[in-house]
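Fold and geometry: a report
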Amino acid sequence: MFHGHNEYFYTGGCSLTTIPLLIFYHSTIFGMSLKLHSIQRFVLSVLLFSSLVWVSCKSSEKITREVDPTVEAYSIDEDKAIDRLSEAIQHKTVSLEDTTEIVYDQYDDFIAFLEKRYPHLHQKVEKQRIGKYSVLYKWEGNESNLKPAMLIGHYDVVPVSSGSDTLWTYSPYKGAVDEGFVWGRGTLDDKSGIMSIMEAGEYLAEQDFNPDRTIYVALNHDEEVGGVRGAQRIAEHLQDKGVELAYLVDEGLPIAEEIIENVEVPLAMIGIASKGSVNIELAYNQDGGHSSMPPRSSVIGTLSNAVNRIERKPMKASYRGLIVETFDPLIPYMTYTQRLAFNNTWLFRRIIKNKLSNNPATNAALRTTAAKTIFEAGFKENVLPVEGRVIINFRIHPNDTVEDVVEYVRDRIRNDRINIQVLDRARNSSPVSSTKAMPYKMLKRTIEESFGEVLVSPSLFIAASDARHFHDLTSNIYRFRPIRARHEDRSRIHGIDERISTENYIEMIRFQIRLIENGAAEL
């Protein structure tokens, strides 16, 4: 019998699908020449079809689970918690590439606000500022033989683009609470994350909770611009002290709703790896002149053609490995035709890849993506530009490397006169953390206890986070925030009308309380 996945087919633990395939396989391996009569071919076809149907019908068992009553019993003052999140949004802790333009008074005020609003937690922990504006808390555990755990997030936010604040329903830094939501920059990325951790810590400190395992909490101040002054220095600080972490949980993937068409069950995705990143500049120059006598080929035309060739044929998609594990829990909730495909990837892999490629979110999990983010050429309407450049941001799938991306670009543009340059801060994808490790199992259990019928699966984090600075401290790095997200919410992150529901925020606090309780004990 064949169970689970292999390179050729997936049966979801059923073996009937393999019977007709094995007949063909063995006849080929042993050099047999099977001359089947028409009735034999008919029977074989019926058997194959029946086995496909049988597998699809069998894989429809659904999970029934409720929120753990002890999680619901946490006595949280919801109104005050929501007010504190609103107040956090009002601190304009905006990150900028040019640090001379950052208003660091807002950062100082935010740190002071945390100390004022969470007095019980601050009495329990050691607090240290690193890189001036990042904060590292240490909650000493009772058992020195247990490796410490770490929860991290960031309080810096991306700026609101000039003039777009009028497009918001509520002012982006007002922290408005209305229509069942808290509105404002940072509500999704990542102030709801760090504030829910602080709320959980304050709640447990009030209960005189003492962890068995030492817990570090890092609130980083420059994640949006690379984390080199915050998270990286915290990691170096801990490494210098010889700290080895049992695990680390960072911001990351959400609880996705309707990630697959017609499948409404929520899926909590734990990022066990993250994509790499490289910015590639395409630069081209030629003689300029007056626009009244344009050449057949121009700087803009040449670069546009290069971009078009990259867009027409993206890097290769793959529906194997981690992405398959991501969708496995959803199969029982799919329509019959979807179950037929996802239970028989040996036959329908190409169809699945094509379908998932049409959705930007799932497409990003299948392949290395290319985002054309900057195009510069020309300075006057009647002057032909003599030079131009395009910057393309590639998010690198674990199947690829920076070198693979450069080779792909060179092969696609096929123009030796275009200069290809890899810009600073290029990195390959992260190591993959184990789903068999006890910290992963603990995190999965915590999600199940906190969210009931939400399904849980490992996945690939398609963005970047500060977790990338901590790989020398632990091999167990997990990227997850229990934010309920739908397709229409994608544009809110770093965009207009960023918001989080008040109900979801309270769920996040309960989850963080349970995560600290579960994760602070021996695993």
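See the structure above.
A brief look at the structure comes next. (Residues numbered from 1 in each chain as written. Predicted model: local features only at pLDDT ≥ 70, side-chain atom pairs only at ≥ 80, totals over all residues. Heavy atoms only, no water.)

Before going further, it helps to spend a moment on the packing of helix α4 (residues 78-89) against helix α7 (residues 191-206). Contact geometry for α4 and α7: axes closest at 10 Å, N-to-C directions at 135°. Taken together, the axes of α4 and α7 are oblique relative to one another. As α4 packs across α7, the resulting crossing turns out to be right-handed. Across from Ala81, Arg84, Leu85, Ala88 and Ile89 in α4, the residues of α7 making contact are Lys191, Ser192, Met195 and Glu199. Looking at the contact of α4 with α7 residue by residue, the class counts come to 5 nonpolar, 1 polar and 3 charged. (Axes fitted to C-alpha atoms, helices over the stretch in contact; angles between N-to-C directions. Helix = DSSP H or I, 4+ residues; strand = E, 2+ residues; numbered from the N terminus. Parallel < 35°, antiparallel > 145°, perpendicular 65-115°, else oblique. Left-handed = near helix turned anticlockwise from the far one by under 90°. Contact = heavy atoms within 4.5 Å. Nonpolar A, V, L, I, M, F, W, Y, C, P; charged D, E, K, R; others polar.)

Okay, the sheet that holds strand β11 (residues 369-377) next. The strand order across the open sheet formed by 4 strands is β11-β13-β9-β14, and the pairing between neighbours is antiparallel. Bordering the open sheet on either side are β11 and β14 (419-422), each of which pairs with just one other strand. Between one strand and the next, the sheet's axes are offset by a mean angle of 20°, whatever the strand orientation. Pairing of strand β9 (residues 276-285) with strand β13 (residues 387-396), which is carried by 10 bridges, proceeds in the antiparallel orientation. Bridge pairing in β13 links Leu282 to Val390. Set on the sheet, helix α14 (residues 402-413) makes contact with β9, β13 and β14; between it and β9 the angle comes to about 30°. (Pairing = 2+ DSSP bridges.)

A few words on the nonpolar core. Grouped together as the largest cluster of nonpolar side chains are 69 residues, with contacts concentrated most on Leu114, Met195 and Ile447. Among all residues touching Ile447, those that are not within four sequence positions of it are Ala268, Ile270, Gly452, Val454, Val456, Phe480 and Phe511. (Core = buried A, V, L, I, M, F, W, Y, C linked by side-chain atoms within 4.5 Å. Buried < 20%, exposed > 50% of the residue type's maximum accessible area, 1.4 Å probe, protein only.)

Here the focus is the pairing of strand β6 (residues 215-220). In terms of burial, β6 is largely enclosed, as 6 of its 6 residues are buried. Covered by surrounding structure in β6 are Ile215, Val217 and Leu219 together with Tyr216, Ala218 and Asn220, the residues of both alternating faces. When strand β2 (residues 134-139) meets β6, the two strands line up antiparallel, connected through 5 bridges. Within the sheet, the bridge partner assigned to Trp139 lies in β6 and is Ile215. Inspection of the sheet shows strand β3 (residues 149-154) paired to β6 by 6 bridges, in the parallel sense.

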